[in-house]
Amino acid sequence: SSSNNENEESSGGGGDTAEQQSDEEAALSEETKEDKDFLDFFERYQTIVFNLFNLTSIEPSAFDFFRNIRSIDLSHNRLKALDPTLLNASDNLRDLNLNYNQFTSIDKGWFEGARTIERFAIDHNNLVDIGADSLDYLERLKLFQAIDNRIEKLDVKLFSKNTYLEVVSFELNR
């Protein structure tokens, strides 16, 4: 009799295993659907605004889920630098606003993954120097503003690769 119970449990356990696998597959399928829903949620956004957050840094992967982003506003923070990979997933980015931060320079690496930027504003920072090749990746750049900074000189080659450039503004610099 006790042997019968062990056999029933043993054979019942085999059925439970197949049922457990089915439940696990369903759960995995549901997780995959949730992951897709999560990513779809971010796909809808075209504008990111993180102004007035007092940010001092941004994680390199912060914008990775925003595949259709067209505009990023990081103005009125305390940023001094951006990770060179921050904008790597920004294939559709057109506008970048870095006004009112604490940048002292522009790193060419910021734009390697964001070559579609057309309007770039970095007003009211502490820019001292803009390297000759800093904007080379921004071949579609139409507007560049660096108003009220501490720039004293510019390299003649600064805009040599920006063939679509229409507006450049350096007012109120030294």
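It should be noted that the structure appears before, not after, this text.
Reading guide: rules and limits
- Residues numbered from 1 in each chain as written.
- Predicted model: local features only at pLDDT ≥ 70, side-chain atom pairs only at ≥ 80, totals over all residues.
- Heavy atoms only, no water.
- Helix = DSSP H or I, 4+ residues; strand = E, 2+ residues; numbered from the N terminus.
- Buried < 20%, exposed > 50% of the residue type's maximum accessible area, 1.4 Å probe, protein only.
- Contact = heavy atoms within 4.5 Å.
- Pairing = 2+ DSSP bridges.
- Axes fitted to C-alpha atoms, helices over the stretch in contact; angles between N-to-C directions.
- Polar contact = N/O pair within 3.5 Å; in protein donor to acceptor, adjacent residues only side chain to side chain.
- Salt bridge = Lys/Arg side-chain N within 4 Å of Asp/Glu carboxyl O.

Visitor: Outline the overall build of the protein chain, listing residues and values.
Guide: Along its length, the protein chain carries 1 helix and 6 strands. The helix and strand sequence of the protein chain, counted from the amino end, reads α-β-β-β-β-β-β. Counting only residues that meet the buried cut, the protein chain has 32% of its 174 residues in that class. Within the protein chain, contacts between residues separated by at least 24 positions form 51% of all contacts whose residues are at least 6 apart in sequence.

Visitor: A description of the sheet that holds strand 2 (residues 71-73) should follow, citing residues and the corresponding values.
Guide: The sheet built from 6 strands is open, its strands ordered 1-2-3-4-5-6 with parallel pairing. For this open sheet the edge positions go to strand 1 (47-49) and strand 6 (167-169), each flanked by a neighbour on one side alone. Each strand axis lies, on average, 0° off the axis of its neighbour in the sheet, ignoring direction. Note: strand 5 (residues 143-145) against strand 6, 3 bridges, orientation parallel. In the sheet register, Leu143 faces strand 6, and the bridge partner there is Val167.

Visitor: Can you explain the side chain of Asn173? Please cite residues and give values.
Guide: Mapping Asn173 onto the fold places it in the segment after strand 6. A distance of 3.1 Å separates a polar atom in the side chain of Asn173 from the backbone nitrogen of Asn149. A polar contact of 3.2 Å, which involves the side chain of Asn173, links it to the backbone nitrogen of Ile151.

Visitor: Run through the pattern of salt bridges, naming residues and quoting values.
Guide: Scanning all chains against the criterion turns up 4 salt bridges. Between Lys108 and Asp133 there is a salt bridge; the shortest N-O distance is 3.8 Å. Remark: Asp133 occurs in the loop between strand 4 (119-121) and strand 5 and Lys108 occurs in the loop between strand 3 (95-97) and strand 4; sequence separation between them is 25 residues. The exposure class assigned to Asp133 is partly exposed, which follows from its relative accessible area of 36%. Notably, a salt bridge pairs Glu118 with Arg119, separated by 3.3 Å at the nearest N-O pair. For Arg119, a relative accessible area of 33% translates into the label partly exposed.

Visitor: How would you explain the environment of Lys157 if you had to name every residue and give the values?
Guide: With respect to the helices and strands, the residue Lys157 is situated in the loop between strand 5 and strand 6. The exposed category is assigned to Lys157, whose relative accessible area is 55%. Along the primary structure Lys157 and Gly131 are separated by 26 residues, whereas in three dimensions their C-alpha atoms are 9.1 Å apart.

Interpretation in functional terms is not warranted from these geometric data alone.
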